[in-house]
Amino acid sequence: MTETPAPTTLGELRDSGATHVGVKAELRKNLLARLAAGETTLPGIVGFDDTVLPEVERALIAGHDLVLLGERGQGKTRLIRTLVGLLDEWTPVLVGSELNEHPLAPVSVWAHRQIAEHGDATPVGWLHRSDRFGEKLATPDTSVGDLIGDVDPIKVAEGRTLGDPETVHYGLVPRTNRGIFSINELPDLAERIQVALLNVLEERDIQIRGYRVRLPLDLLLVASANPEDYTNRGRIITPLKDRFGTEVRTHYPIELADEIRLLHQEAQTSWLGGDALDTPLVPAHLVEIMARFTRLVRESSQVDQRSGVSARFAIAGLETIAASAVRRAAVAGEERPVARVVDLPAVVPASRGKVEFADAGSDPEDERELEVLEHLLRQATAQTFRARCGGLDLTGLQEHFAGGEVVESGDLVSAPELMGQVGTVPNLAQLLGRLGVPEGEESAEQAAAAVEFALEGLWLTRRLAKDTDGNRTVYGS
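Since this is a predicted model, take the numbers as computed values, not measurements.

A. Looking closely at unusual backbone geometry. For Asn-100, which is not glycine, the phi torsion reads 55 degrees and is therefore positive. Assignment of secondary structure puts Asn-100 in the loop between strand E3 (90-94) and helix H5 (109-118). In this structure Asn-100 comes out as buried when scored by relative accessible area, which is 15%. Of note in the backbone geometry, Arg-462 takes a positive phi value of approximately 65 degrees without being a glycine.

So this is what it looks like as C-alpha coordinates:
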(Lines give C-alpha, C1' and ligand atoms only; values in the text may rest on other atoms or scores of the structure.)
Protein backbone atom coordinates (compact mmCIF):
# COMPACT_ATOMS: atom_id res chain seq x y z
CA MET A 1 0.00 0.00 0.00
CA THR A 2 1.38 3.38 -0.97
CA GLU A 3 1.30 6.28 1.45
CA THR A 4 -2.09 7.89 1.99
CA PRO A 5 -2.39 11.14 -0.02
CA ALA A 6 -2.43 14.26 2.11
CA PRO A 7 -5.88 15.62 3.02
CA THR A 8 -6.90 18.48 0.81
CA THR A 9 -9.81 20.77 0.03
CA LEU A 10 -12.29 20.90 -2.81
CA GLY A 11 -10.50 23.89 -4.31
CA GLU A 12 -7.08 22.23 -4.24
CA LEU A 13 -8.53 19.09 -5.76
CA ARG A 14 -10.15 21.04 -8.58
CA ASP A 15 -6.95 23.03 -9.21
CA SER A 16 -4.95 19.79 -9.46
CA GLY A 17 -6.88 18.87 -12.58
CA ALA A 18 -8.67 15.93 -10.98
CA THR A 19 -11.82 14.69 -12.66
CA HIS A 20 -14.64 12.43 -11.60
CA VAL A 21 -14.58 8.95 -13.18
CA GLY A 22 -17.33 6.40 -12.56
CA VAL A 23 -16.53 3.06 -10.98
CA LYS A 24 -17.13 1.04 -14.13
CA ALA A 25 -15.01 3.42 -16.21
CA GLU A 26 -12.30 3.21 -13.54
CA LEU A 27 -12.34 -0.59 -13.61
CA ARG A 28 -12.26 -0.60 -17.42
CA LYS A 29 -9.31 1.81 -17.54
CA ASN A 30 -7.19 -0.17 -15.07
CA LEU A 31 -8.11 -3.52 -16.62
CA LEU A 32 -7.13 -2.37 -20.12
CA ALA A 33 -3.86 -1.00 -18.74
CA ARG A 34 -3.01 -4.39 -17.24
CA LEU A 35 -3.97 -6.22 -20.42
CA ALA A 36 -1.83 -3.88 -22.53
CA ALA A 37 1.14 -4.35 -20.19
CA GLY A 38 0.78 -8.13 -20.26
CA GLU A 39 0.17 -8.23 -16.51
CA THR A 40 -2.07 -10.67 -14.65
CA THR A 41 -5.45 -8.99 -14.43
CA LEU A 42 -6.79 -10.89 -11.40
CA PRO A 43 -3.89 -12.36 -9.38
CA GLY A 44 -4.49 -15.50 -7.34
CA ILE A 45 -7.24 -16.94 -9.56
CA VAL A 46 -6.21 -20.45 -10.62
CA GLY A 47 -7.52 -22.49 -13.54
CA PHE A 48 -9.71 -19.81 -15.14
CA ASP A 49 -7.18 -18.23 -17.52
CA ASP A 50 -8.74 -19.45 -20.75
CA THR A 51 -12.34 -19.81 -19.66
CA VAL A 52 -13.81 -17.67 -16.89
CA LEU A 53 -11.37 -14.73 -16.82
CA PRO A 54 -11.90 -13.67 -20.47
CA GLU A 55 -15.65 -13.59 -19.83
CA VAL A 56 -15.22 -11.50 -16.68
CA GLU A 57 -12.83 -9.15 -18.49
CA ARG A 58 -15.28 -8.64 -21.33
CA ALA A 59 -18.07 -7.95 -18.82
CA LEU A 60 -15.97 -5.29 -17.06
CA ILE A 61 -14.97 -3.66 -20.33
CA ALA A 62 -18.65 -3.58 -21.34
CA GLY A 63 -19.58 -2.01 -18.01
CA HIS A 64 -21.86 -4.89 -17.04
CA ASP A 65 -23.03 -5.95 -13.63
CA LEU A 66 -22.51 -9.70 -13.48
CA VAL A 67 -23.58 -12.90 -11.77
CA LEU A 68 -21.23 -15.85 -11.25
CA LEU A 69 -22.97 -19.20 -11.42
CA GLY A 70 -21.28 -22.40 -10.25
CA GLU A 71 -21.10 -25.21 -7.71
CA ARG A 72 -19.68 -24.72 -4.25
CA GLY A 73 -15.98 -24.19 -3.82
CA GLN A 74 -15.22 -22.98 -7.34
CA GLY A 75 -13.65 -19.70 -6.22
CA LYS A 76 -16.59 -17.40 -6.96
CA THR A 77 -16.21 -15.31 -3.81
CA ARG A 78 -12.43 -15.11 -4.19
CA LEU A 79 -12.82 -13.92 -7.77
CA ILE A 80 -15.30 -11.23 -6.73
CA ARG A 81 -13.04 -9.95 -3.96
CA THR A 82 -10.09 -9.85 -6.36
CA LEU A 83 -11.95 -7.34 -8.55
CA VAL A 84 -11.18 -4.70 -5.90
CA GLY A 85 -7.56 -4.75 -7.10
CA LEU A 86 -8.70 -3.14 -10.36
CA LEU A 87 -9.89 0.02 -8.59
CA ASP A 88 -7.60 3.03 -8.17
CA GLU A 89 -5.59 2.63 -4.99
CA TRP A 90 -6.85 5.93 -3.55
CA THR A 91 -9.87 8.03 -4.45
CA PRO A 92 -11.02 11.42 -3.08
CA VAL A 93 -14.21 11.58 -1.00
CA LEU A 94 -16.06 14.26 0.87
CA VAL A 95 -15.10 14.00 4.53
CA GLY A 96 -18.09 12.73 6.53
CA SER A 97 -20.10 11.45 3.57
CA GLU A 98 -22.03 8.23 4.25
CA LEU A 99 -22.09 7.53 0.51
CA ASN A 100 -18.38 7.99 -0.29
CA GLU A 101 -19.30 10.88 -2.56
CA HIS A 102 -16.75 12.29 -4.99
CA PRO A 103 -16.13 15.97 -4.18
CA LEU A 104 -16.70 16.88 -7.82
CA ALA A 105 -19.92 14.85 -8.17
CA PRO A 106 -22.01 15.08 -4.98
CA VAL A 107 -25.31 13.17 -4.96
CA SER A 108 -26.90 13.71 -1.54
CA VAL A 109 -28.67 16.68 -0.01
CA TRP A 110 -26.07 16.67 2.77
CA ALA A 111 -23.18 16.91 0.30
CA HIS A 112 -24.71 19.76 -1.68
CA ARG A 113 -25.29 21.66 1.56
CA GLN A 114 -21.68 21.10 2.66
CA ILE A 115 -20.31 22.47 -0.58
CA ALA A 116 -22.74 25.40 -0.52
CA GLU A 117 -21.61 26.31 3.01
CA HIS A 118 -17.86 25.79 2.67
CA GLY A 119 -17.19 26.27 -1.03
CA ASP A 120 -13.62 25.54 -2.06
CA ALA A 121 -12.69 24.98 1.59
CA THR A 122 -14.88 21.85 1.79
CA PRO A 123 -12.63 19.19 3.32
CA VAL A 124 -11.63 16.26 1.12
CA GLY A 125 -10.28 12.90 2.36
CA TRP A 126 -8.97 9.79 0.62
CA LEU A 127 -10.47 6.31 0.56
CA HIS A 128 -8.38 3.20 -0.10
CA ARG A 129 -9.72 0.66 -2.58
CA SER A 130 -9.91 -1.99 0.15
CA ASP A 131 -12.64 0.14 1.78
CA ARG A 132 -14.64 0.34 -1.45
CA PHE A 133 -15.99 -3.20 -1.27
CA GLY A 134 -19.13 -4.41 0.43
CA GLU A 135 -20.72 -7.83 0.53
CA LYS A 136 -23.76 -9.54 1.98
CA LEU A 137 -24.48 -13.23 2.30
CA ALA A 138 -28.07 -13.60 1.17
CA THR A 139 -30.18 -15.23 3.86
CA PRO A 140 -33.97 -15.61 4.10
CA ASP A 141 -34.10 -13.01 6.88
CA THR A 142 -32.30 -10.33 4.87
CA SER A 143 -34.52 -7.24 4.67
CA VAL A 144 -34.84 -4.32 2.28
CA GLY A 145 -33.54 -2.17 5.12
CA ASP A 146 -30.35 -4.22 5.30
CA LEU A 147 -29.62 -3.77 1.60
CA ILE A 148 -31.21 -0.47 0.60
CA GLY A 149 -32.09 1.38 3.81
CA ASP A 150 -35.02 2.48 5.91
CA VAL A 151 -36.44 5.50 7.65
CA ASP A 152 -34.53 6.26 10.84
CA PRO A 153 -37.14 6.85 13.60
CA ILE A 154 -34.63 8.80 15.68
CA LYS A 155 -34.16 11.33 12.89
CA VAL A 156 -37.94 11.61 12.48
CA ALA A 157 -38.27 12.18 16.23
CA GLU A 158 -35.76 15.03 15.92
CA GLY A 159 -38.29 16.89 13.80
CA ARG A 160 -37.56 15.92 10.21
CA THR A 161 -40.46 14.98 7.95
CA LEU A 162 -40.86 11.55 6.40
CA GLY A 163 -40.27 12.99 2.94
CA ASP A 164 -36.89 14.42 3.95
CA PRO A 165 -34.09 12.32 2.37
CA GLU A 166 -31.99 12.90 5.47
CA THR A 167 -34.35 10.75 7.53
CA VAL A 168 -32.97 7.70 5.71
CA HIS A 169 -30.58 5.28 7.34
CA TYR A 170 -28.77 3.90 4.31
CA GLY A 171 -28.27 0.17 3.81
CA LEU A 172 -25.22 -1.72 2.59
CA VAL A 173 -25.71 -1.04 -1.12
CA PRO A 174 -25.75 2.78 -1.04
CA ARG A 175 -22.98 2.77 1.57
CA THR A 176 -20.82 1.00 -1.04
CA ASN A 177 -21.45 3.81 -3.53
CA ARG A 178 -18.39 4.28 -5.78
CA GLY A 179 -17.29 0.74 -5.10
CA ILE A 180 -18.08 -2.92 -5.70
CA PHE A 181 -20.96 -4.64 -3.92
CA SER A 182 -21.31 -8.43 -3.81
CA ILE A 183 -24.36 -10.52 -2.92
CA ASN A 184 -23.37 -14.11 -2.25
CA GLU A 185 -25.88 -16.94 -2.84
CA LEU A 186 -28.38 -14.62 -4.50
CA PRO A 187 -31.16 -17.28 -4.90
CA ASP A 188 -31.40 -17.44 -1.10
CA LEU A 189 -32.62 -13.86 -1.09
CA ALA A 190 -36.41 -13.73 -0.81
CA GLU A 191 -38.03 -12.81 -4.11
CA ARG A 192 -39.72 -9.71 -2.65
CA ILE A 193 -36.27 -8.51 -1.51
CA GLN A 194 -34.76 -9.18 -4.93
CA VAL A 195 -37.35 -6.75 -6.33
CA ALA A 196 -35.69 -3.99 -4.31
CA LEU A 197 -32.55 -4.43 -6.41
CA LEU A 198 -34.29 -3.79 -9.73
CA ASN A 199 -33.98 -0.01 -9.53
CA VAL A 200 -30.40 -0.27 -8.30
CA LEU A 201 -29.38 -2.20 -11.40
CA GLU A 202 -31.39 -0.31 -14.01
CA GLU A 203 -32.34 3.20 -12.89
CA ARG A 204 -29.50 3.45 -10.38
CA ASP A 205 -31.70 4.95 -7.70
CA ILE A 206 -33.37 3.67 -4.53
CA GLN A 207 -36.92 3.82 -3.18
CA ILE A 208 -37.66 3.72 0.53
CA ARG A 209 -40.98 3.54 2.36
CA GLY A 210 -43.14 4.67 -0.51
CA TYR A 211 -41.23 7.81 -1.47
CA ARG A 212 -38.39 8.18 -3.89
CA VAL A 213 -34.90 9.17 -2.88
CA ARG A 214 -33.10 10.07 -6.06
CA LEU A 215 -29.53 8.83 -5.62
CA PRO A 216 -27.60 8.14 -8.81
CA LEU A 217 -25.60 5.31 -7.29
CA ASP A 218 -22.24 4.57 -8.88
CA LEU A 219 -21.26 0.96 -8.25
CA LEU A 220 -20.58 -2.46 -9.76
CA LEU A 221 -22.99 -5.10 -8.51
CA VAL A 222 -21.73 -8.69 -8.60
CA ALA A 223 -23.68 -11.71 -7.38
CA SER A 224 -22.86 -15.38 -6.94
CA ALA A 225 -25.23 -18.32 -7.07
CA ASN A 226 -25.27 -22.09 -7.10
CA PRO A 227 -27.17 -23.73 -9.98
CA GLU A 228 -30.85 -23.45 -9.18
CA ASP A 229 -31.57 -27.04 -10.08
CA TYR A 230 -29.35 -28.11 -7.19
CA THR A 231 -30.18 -25.67 -4.40
CA ASN A 232 -34.00 -25.74 -4.67
CA ARG A 233 -33.95 -23.05 -2.00
CA GLY A 234 -35.04 -20.25 -4.29
CA ARG A 235 -34.42 -18.68 -7.63
CA ILE A 236 -33.26 -15.47 -9.20
CA ILE A 237 -36.38 -13.69 -10.39
CA THR A 238 -36.51 -13.19 -14.16
CA PRO A 239 -36.55 -9.35 -14.14
CA LEU A 240 -33.42 -9.35 -11.97
CA LYS A 241 -31.67 -11.85 -14.24
CA ASP A 242 -32.46 -9.59 -17.15
CA ARG A 243 -30.81 -6.61 -15.49
CA PHE A 244 -27.47 -8.35 -14.97
CA GLY A 245 -25.44 -7.63 -18.08
CA THR A 246 -23.41 -10.86 -17.99
CA GLU A 247 -23.75 -14.33 -16.51
CA VAL A 248 -20.48 -16.24 -16.08
CA ARG A 249 -20.36 -19.97 -15.40
CA THR A 250 -17.45 -21.05 -13.21
CA HIS A 251 -15.93 -24.53 -12.94
CA TYR A 252 -13.46 -26.63 -11.02
CA PRO A 253 -9.83 -26.77 -12.26
CA ILE A 254 -9.69 -28.61 -15.58
CA GLU A 255 -6.01 -29.58 -15.43
CA LEU A 256 -4.35 -31.57 -12.64
CA ALA A 257 -1.53 -29.02 -12.54
CA ASP A 258 -4.06 -26.27 -11.73
CA GLU A 259 -5.57 -28.42 -8.97
CA ILE A 260 -2.10 -28.78 -7.44
CA ARG A 261 -1.37 -25.05 -7.86
CA LEU A 262 -4.60 -24.28 -6.04
CA LEU A 263 -3.61 -26.51 -3.13
CA HIS A 264 -0.22 -24.84 -2.88
CA GLN A 265 -1.90 -21.44 -2.91
CA GLU A 266 -4.68 -22.11 -0.44
CA ALA A 267 -3.19 -24.56 2.06
CA GLN A 268 -0.63 -23.41 4.60
CA THR A 269 2.37 -22.97 2.32
CA SER A 270 4.90 -23.83 5.02
CA TRP A 271 3.41 -27.32 5.09
CA LEU A 272 4.17 -27.84 1.39
CA GLY A 273 7.87 -27.21 1.37
CA GLY A 274 8.88 -24.91 4.19
CA ASP A 275 12.12 -25.58 6.06
CA ALA A 276 11.08 -24.71 9.62
CA LEU A 277 11.63 -27.65 11.94
CA ASP A 278 8.48 -26.92 13.94
CA THR A 279 6.13 -27.10 10.93
CA PRO A 280 5.01 -30.24 9.10
CA LEU A 281 6.14 -30.99 5.57
CA VAL A 282 3.73 -32.55 3.09
CA PRO A 283 5.82 -34.01 0.23
CA ALA A 284 4.88 -33.21 -3.37
CA HIS A 285 3.65 -36.73 -4.13
CA LEU A 286 1.11 -36.56 -1.29
CA VAL A 287 -0.15 -33.19 -2.55
CA GLU A 288 -0.60 -34.82 -5.96
CA ILE A 289 -2.46 -37.76 -4.43
CA MET A 290 -4.85 -35.36 -2.68
CA ALA A 291 -5.42 -33.44 -5.92
CA ARG A 292 -6.11 -36.64 -7.86
CA PHE A 293 -8.36 -37.93 -5.07
CA THR A 294 -10.46 -34.76 -5.22
CA ARG A 295 -10.86 -35.07 -8.98
CA LEU A 296 -11.85 -38.72 -8.74
CA VAL A 297 -14.47 -37.93 -6.11
CA ARG A 298 -15.92 -35.21 -8.36
CA GLU A 299 -16.10 -37.64 -11.29
CA SER A 300 -17.53 -40.57 -9.34
CA SER A 301 -20.98 -41.73 -10.42
CA GLN A 302 -21.81 -42.34 -6.76
CA VAL A 303 -21.39 -38.68 -5.86
CA ASP A 304 -24.13 -36.10 -6.47
CA GLN A 305 -22.74 -34.21 -9.46
CA ARG A 306 -25.10 -31.26 -8.91
CA SER A 307 -23.62 -30.67 -5.48
CA GLY A 308 -20.00 -30.70 -6.58
CA VAL A 309 -16.92 -31.25 -4.46
CA SER A 310 -15.46 -28.04 -3.13
CA ALA A 311 -11.81 -27.07 -3.29
CA ARG A 312 -12.12 -26.95 0.50
CA PHE A 313 -12.39 -30.76 0.37
CA ALA A 314 -8.80 -31.00 -0.88
CA ILE A 315 -7.49 -28.22 1.34
CA ALA A 316 -8.99 -29.74 4.51
CA GLY A 317 -7.69 -33.16 3.49
CA LEU A 318 -4.17 -31.83 3.08
CA GLU A 319 -4.35 -30.17 6.48
CA THR A 320 -5.56 -33.44 8.02
CA ILE A 321 -2.58 -35.26 6.49
CA ALA A 322 -0.21 -32.67 7.95
CA ALA A 323 -1.91 -32.88 11.35
CA SER A 324 -1.45 -36.66 11.37
CA ALA A 325 2.28 -36.16 10.75
CA VAL A 326 2.52 -33.65 13.59
CA ARG A 327 0.76 -36.07 15.93
CA ARG A 328 3.19 -38.86 15.04
CA ALA A 329 6.20 -36.60 15.54
CA ALA A 330 4.95 -35.62 18.99
CA VAL A 331 4.27 -39.21 20.07
CA ALA A 332 7.23 -40.94 18.41
CA GLY A 333 9.78 -38.18 18.95
CA GLU A 334 10.60 -37.44 15.31
CA GLU A 335 12.80 -34.40 14.71
CA ARG A 336 10.72 -33.08 11.81
CA PRO A 337 7.10 -34.06 11.08
CA VAL A 338 6.95 -35.26 7.48
CA ALA A 339 3.69 -36.69 6.13
CA ARG A 340 3.69 -40.24 4.75
CA VAL A 341 1.28 -42.55 2.94
CA VAL A 342 0.22 -43.94 6.29
CA ASP A 343 -1.36 -40.54 7.03
CA LEU A 344 -3.71 -40.73 4.04
CA PRO A 345 -6.45 -42.91 5.61
CA ALA A 346 -7.17 -40.15 8.14
CA VAL A 347 -8.56 -38.06 5.29
CA VAL A 348 -11.51 -40.38 4.59
CA PRO A 349 -13.54 -40.05 7.81
CA ALA A 350 -12.58 -36.39 8.20
CA SER A 351 -13.84 -35.45 4.73
CA ARG A 352 -16.95 -37.62 4.59
CA GLY A 353 -19.25 -34.75 5.51
CA LYS A 354 -18.00 -32.65 2.59
CA VAL A 355 -19.38 -35.06 -0.03
CA GLU A 356 -23.02 -35.59 -0.94
CA PHE A 357 -23.66 -39.06 -2.35
CA ALA A 358 -26.17 -39.60 -5.13
CA ASP A 359 -27.87 -42.56 -3.46
CA ALA A 360 -27.28 -41.67 0.17
CA GLY A 361 -29.38 -43.94 2.39
CA SER A 362 -31.30 -42.95 5.45
CA ASP A 363 -28.76 -44.57 7.76
CA PRO A 364 -26.17 -41.95 8.80
CA GLU A 365 -23.78 -44.77 9.73
CA ASP A 366 -23.85 -46.28 6.23
CA GLU A 367 -20.30 -47.59 5.72
CA ARG A 368 -20.66 -47.75 1.94
CA GLU A 369 -19.79 -44.07 1.71
CA LEU A 370 -16.49 -44.67 3.50
CA GLU A 371 -15.78 -47.63 1.23
CA VAL A 372 -16.31 -45.48 -1.85
CA LEU A 373 -13.91 -42.82 -0.58
CA GLU A 374 -11.31 -45.41 0.45
CA HIS A 375 -11.46 -47.01 -3.00
CA LEU A 376 -11.04 -43.64 -4.74
CA LEU A 377 -8.11 -42.77 -2.46
CA ARG A 378 -6.36 -46.02 -3.45
CA GLN A 379 -6.98 -45.17 -7.10
CA ALA A 380 -5.46 -41.72 -6.64
CA THR A 381 -2.40 -43.24 -4.93
CA ALA A 382 -1.95 -45.78 -7.72
CA GLN A 383 -2.23 -43.10 -10.40
CA THR A 384 0.37 -40.96 -8.66
CA PHE A 385 2.71 -43.93 -8.24
CA ARG A 386 2.51 -44.76 -11.95
CA ALA A 387 3.02 -41.11 -12.91
CA ARG A 388 5.97 -40.54 -10.57
CA CYS A 389 7.68 -43.91 -10.43
CA GLY A 390 6.87 -45.47 -13.80
CA GLY A 391 10.01 -47.14 -15.19
CA LEU A 392 11.95 -46.79 -11.93
CA ASP A 393 13.78 -49.97 -10.92
CA LEU A 394 12.41 -51.00 -7.51
CA THR A 395 13.53 -54.64 -7.64
CA GLY A 396 16.17 -53.93 -5.00
CA LEU A 397 13.47 -52.86 -2.57
CA GLN A 398 11.38 -55.91 -3.44
CA GLU A 399 14.33 -58.24 -2.76
CA HIS A 400 14.26 -57.15 0.87
CA PHE A 401 11.19 -59.36 1.26
CA ALA A 402 12.65 -62.40 -0.55
CA GLY A 403 13.45 -64.22 2.69
CA GLY A 404 10.00 -63.70 4.17
CA GLU A 405 10.84 -60.48 5.97
CA VAL A 406 8.10 -57.94 6.65
CA VAL A 407 7.99 -54.20 7.21
CA GLU A 408 5.51 -52.90 9.74
CA SER A 409 4.30 -49.33 9.56
CA GLY A 410 1.53 -47.26 11.08
CA ASP A 411 0.58 -43.71 11.88
CA LEU A 412 2.70 -43.85 15.06
CA VAL A 413 5.72 -45.66 13.59
CA SER A 414 8.60 -43.17 13.43
CA ALA A 415 10.76 -42.63 10.36
CA PRO A 416 13.93 -44.08 11.97
CA GLU A 417 11.95 -47.16 13.07
CA LEU A 418 10.60 -47.67 9.55
CA MET A 419 14.00 -47.21 7.88
CA GLY A 420 15.58 -49.54 10.44
CA GLN A 421 13.28 -52.32 9.23
CA VAL A 422 14.00 -51.65 5.55
CA GLY A 423 17.75 -51.17 5.77
CA THR A 424 19.69 -49.96 2.73
CA VAL A 425 17.43 -49.10 -0.18
CA PRO A 426 18.97 -49.41 -3.68
CA ASN A 427 18.20 -46.46 -6.01
CA LEU A 428 16.94 -44.37 -3.08
CA ALA A 429 18.43 -41.21 -4.60
CA GLN A 430 16.56 -41.80 -7.86
CA LEU A 431 13.34 -42.45 -5.94
CA LEU A 432 13.72 -39.22 -3.97
CA GLY A 433 14.42 -37.36 -7.21
CA ARG A 434 11.25 -38.72 -8.79
CA LEU A 435 9.31 -37.48 -5.76
CA GLY A 436 10.68 -33.96 -6.05
CA VAL A 437 13.24 -33.98 -3.21
CA PRO A 438 16.27 -31.87 -4.31
CA GLU A 439 19.62 -33.66 -4.20
CA GLY A 440 21.46 -33.00 -0.97
CA GLU A 441 18.35 -31.85 0.87
CA GLU A 442 16.90 -35.23 1.79
CA SER A 443 16.32 -36.14 5.43
CA ALA A 444 15.60 -39.41 7.21
CA GLU A 445 11.93 -38.43 7.43
CA GLN A 446 11.76 -37.67 3.70
CA ALA A 447 13.50 -40.94 2.90
CA ALA A 448 10.94 -42.81 5.03
CA ALA A 449 8.10 -41.00 3.23
CA ALA A 450 9.56 -41.97 -0.15
CA VAL A 451 10.14 -45.62 0.82
CA GLU A 452 6.66 -46.00 2.28
CA PHE A 453 5.17 -44.54 -0.91
CA ALA A 454 7.19 -47.05 -2.95
CA LEU A 455 5.97 -49.92 -0.75
CA GLU A 456 2.36 -48.76 -1.16
CA GLY A 457 2.87 -48.48 -4.91
CA LEU A 458 4.32 -52.00 -5.12
CA TRP A 459 1.29 -53.29 -3.24
CA LEU A 460 -1.14 -51.43 -5.49
CA THR A 461 0.60 -52.89 -8.55
CA ARG A 462 0.42 -56.37 -6.95
CA ARG A 463 4.15 -56.77 -6.49
CA LEU A 464 3.90 -56.86 -2.69
CA ALA A 465 1.29 -58.03 -0.22
CA LYS A 466 -0.17 -55.83 2.47
CA ASP A 467 -2.16 -56.56 5.58
CA THR A 468 -3.97 -53.79 7.42
CA ASP A 469 -5.43 -54.10 10.89
CA GLY A 470 -6.55 -50.84 12.46
CA ASN A 471 -3.58 -48.46 12.55
CA ARG A 472 -1.12 -51.30 11.80
CA THR A 473 0.09 -51.95 8.25
CA VAL A 474 2.38 -54.84 7.32
CA TYR A 475 4.09 -55.16 3.93
CA GLY A 476 5.49 -58.53 2.87
CA SER A 477 6.03 -60.84 -0.08
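B. Broad picture of the packing of helix H14 (residues 284-299) against helix H15 (residues 311-332). Put simply, H14 and H15 touch, their axes get as near as 10 Å, and they point 145 degrees apart. For the pair H14 and H15, the crossing hand works out as right-handed. Where H14 approaches H15, its residues Leu-286, Val-287, Met-290, Phe-293, Thr-294, Val-297 and Arg-298 are matched on the opposing element by Ala-311, Phe-313, Ala-314, Gly-317, Leu-318 and Ile-321. Grouping the amino acids of the contact of H14 with H15 by side-chain chemistry returns 10 nonpolar, two polar and one charged.

C. Structural view of the nonpolar core. Phe-293 and Val-297 are the most contacted members of the largest nonpolar core, which totals 62 residues. Breaking this core down by element, the ones donating at least two residues are helix H13 (256-266), H14, H15, helix H16 (347-351), helix H17 (368-389), helix H19 (415-422), helix H20 (428-434) and helix H21 (444-460). In contact with Phe-293, not counting residues within four places along its chain, are Phe-313, Val-347, Leu-373, Leu-376, Leu-377 and Ala-380. Listed in part, the 30 residues of the second largest apolar core include Leu-99, Ile-193, Ala-225 and Phe-244.

D. Representation of the pattern of salt bridges in the model. Applying the stated rule across the entire model yields 22 salt bridges. The salt bridge involving Glu-288 is made with Arg-388; its shortest N-O contact spans 2.8 Å. One end of the pair, Glu-288, is in helix H14; the other, Arg-388, is in helix H17, and 100 residues separate them in sequence. Its relative accessible area of 19% is what places Arg-388 among the buried residues. Taking the shortest distance from any N to any O, the salt bridge between Glu-408 and Arg-472 comes out at 3.1 Å.

E. Structural view of the pairing of strand E4 (residues 123-128). Two strands pair when backbone bridges link them, and strand E1 (residues 8-9) and E4 are joined in this way by two bridges, in the antiparallel orientation. Across the sheet, residue Thr-9 finds its bridge partner in E4, namely Pro-123. Both E3 and E4 contribute to a ladder of five bridges, which runs antiparallel. Looking at E4, one finds that Val-93 is bridged to Gly-125.

F. Structural view of the pairing of strand E15 (residues 472-476). Counting buried positions along E15 yields four of five residues, so the element is predominantly enclosed. With five bridges joining them, strand E13 (residues 406-410) and E15 adopt antiparallel strand pairing. Note on E15: the bridge partner recorded for Val-406 is Gly-476. When strand E14 (residues 465-469) meets E15, the two strands line up antiparallel, connected through five bridges.

Criteria and thresholds
Residues numbered from 1 in each chain as written. Predicted model: local features only at pLDDT ≥ 70, side-chain atom pairs only at ≥ 80, totals over all residues. Heavy atoms only, no water. Helix = DSSP H or I, 4+ residues; strand = E, 2+ residues; numbered from the N terminus. Buried < 20%, exposed > 50% of the residue type's maximum accessible area, 1.4 Å probe, protein only. Axes fitted to C-alpha atoms, helices over the stretch in contact; angles between N-to-C directions. Left-handed = near helix turned anticlockwise from the far one by under 90°. Contact = heavy atoms within 4.5 Å. Nonpolar A, V, L, I, M, F, W, Y, C, P; charged D, E, K, R; others polar. Core = buried A, V, L, I, M, F, W, Y, C linked by side-chain atoms within 4.5 Å. Salt bridge = Lys/Arg side-chain N within 4 Å of Asp/Glu carboxyl O. Pairing = 2+ DSSP bridges.

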